[in-house]
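The lines below spell out each chain.
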Amino acid sequence: MSLDPSEISNLSDEQEKALSLLPIFTGALSAWGSYQIISMVLTSQKKTPYLRLLLGLSLVDFFNSLILPLQSFLLPKETSHRVWAIGNEGTCTFLGWGATFFSSSQLYSGALSFFFVLTIKFGITNEQLS
């Protein structure tokens, strides 16, 4: 059964198209920034706990920035109200897996916050953390 987009969304076709296209540009900028951080950390001579946490966070964000812009396109076309949805059940499952896996960036952000508390408040050094 095909759903009529006007029954689900109050957005016009132009707004739906903009909603699908905007994440491509922002995702590309985010992926570029994460790539820059990854290459900076990998070429660094020092391998501190901070840089390792930053590398993990940037890797997760890099792949998230590549998958998130595809979300509007990989939704199942039979059930989605998105204009350019071309996906199926498999692509929807992949998007769900990606959203769950890439929520690990919150763990990395929490670990960085914990790192800053340990180093700033308690004066723990990189050598002690290593």
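One can find the structure itself at the top, above this paragraph.
Quick summary incoming for the structure in this document. Given the structure is predicted, the values throughout are model-derived calculations rather than measurements.

1. Re the packing of aromatic side chains
Phase 1: Inspection of the entire model under this criterion finds 9 aromatic pairs.
Phase 2: Ring centres of Tyr 50 and Phe 116 lie 5.8 Å apart, and the angle between their planes is 50°; this geometry places the pair in the tilted category. One end of the pair, Tyr 50, is in helix 3 (residues 49–67); the other, Phe 116, is in helix 6 (residues 104–121), and 66 residues separate them in sequence.
Phase 3: Taken together, the ring pairs connect Phe 94, Trp 97, Phe 101 and Phe 102 into an aromatic cluster.

2. Focus: the nonpolar core
Side chains that are nonpolar tend, in soluble globular proteins, to be buried together.
Phase 1: Grouped together as the largest cluster of nonpolar side chains are 5 residues: Val 60, Ile 67, Leu 74, Leu 95 and Phe 102.
Phase 2: In contact with Phe 102, other than residues within four places in its own chain, are Val 60, Phe 63, Asn 64 and Ile 67.

3. Considerations on the environment of Leu 68
Phase 1: By secondary structure assignment, the location of Leu 68 is in the loop between helix 3 and helix 4 (71–74).
Phase 2: A relative accessible area of 47% means that Leu 68 is categorised as partly exposed.
Phase 3: Along the chain, Leu 68 and Val 41 lie 27 residues apart, while their C-alpha atoms are 24 Å from each other.

4. So, a nonpolar patch on the surface
Phase 1: A cluster of nonpolar side chains, namely Leu 21, Leu 22, Ile 24, Phe 25, Val 83 and Trp 84, defines an oily patch on the protein surface of about 520 Å² accessible area.
Phase 2: Here Trp 84 shows up in the loop between helix 4 and helix 5 (89–101).
Phase 3: Exposure remark for Trp 84: the relative accessible area of 31% places this residue in the partly exposed category.

5. A closer look at helix 5
Phase 1: The end-to-end C-alpha distance of helix 5, which contains 13 residues, comes to 18 Å, matching closely the 18 Å that a straight helix rising 1.5 Å per residue would cover.
Phase 2: One side-chain oxygen of the residue at the start of helix 5 lies 2.9 Å from the amide nitrogen of Gly 90, identifying that residue as Asn 88.

6. Remarks on the packing of helix 2 (residues 13–43) against helix 3
Phase 1: Two elements in contact, helix 2 and helix 3, have axes separated by 8 Å at closest approach and are oriented at 150°. Of the possible angle classes, the one that applies to helix 2 and helix 3 is roughly antiparallel. The two elements helix 2 and helix 3 meet at a crossing, and its hand is left-handed. Counting all contacts with helix 2, which are made through Gly 27, Ser 30, Ala 31, Ser 34, Tyr 35, Ile 37, Ile 38, Met 40, Val 41 and Leu 42, the residues of helix 3 involved are Leu 51, Leu 54, Leu 55, Ser 58, Leu 59, Asp 61, Phe 62, Ser 65 and Leu 66.

What counts, and at which threshold
- Residues numbered from 1 in each chain as written.
- Predicted model: local features only at pLDDT ≥ 70, side-chain atom pairs only at ≥ 80, totals over all residues.
- Heavy atoms only, no water.
- Phe/Tyr/Trp six-rings, centres within 6.5 Å; stacked < 30°, edge-to-face > 60°.
- Helix = DSSP H or I, 4+ residues; strand = E, 2+ residues; numbered from the N terminus.
- Core = buried A, V, L, I, M, F, W, Y, C linked by side-chain atoms within 4.5 Å.
- Buried < 20%, exposed > 50% of the residue type's maximum accessible area, 1.4 Å probe, protein only.
- Contact = heavy atoms within 4.5 Å.
- Patch = residues over 30% accessible without salt bridge, like charges linked within 9 Å, V, L, I, M, F, W, Y side chains within 5 Å.
- Areas by Shrake-Rupley, 256 points an atom, 1.4 Å probe, with all protein chains shown as cover.
- Salt bridge = Lys/Arg side-chain N within 4 Å of Asp/Glu carboxyl O.
- Expected span 1.5 Å × (residues − 1).
- Polar contact = N/O pair within 3.5 Å; in protein donor to acceptor, adjacent residues only side chain to side chain.
- Axes fitted to C-alpha atoms, helices over the stretch in contact; angles between N-to-C directions.
- Parallel < 35°, antiparallel > 145°, perpendicular 65-115°, else oblique.
- Left-handed = near helix turned anticlockwise from the far one by under 90°.

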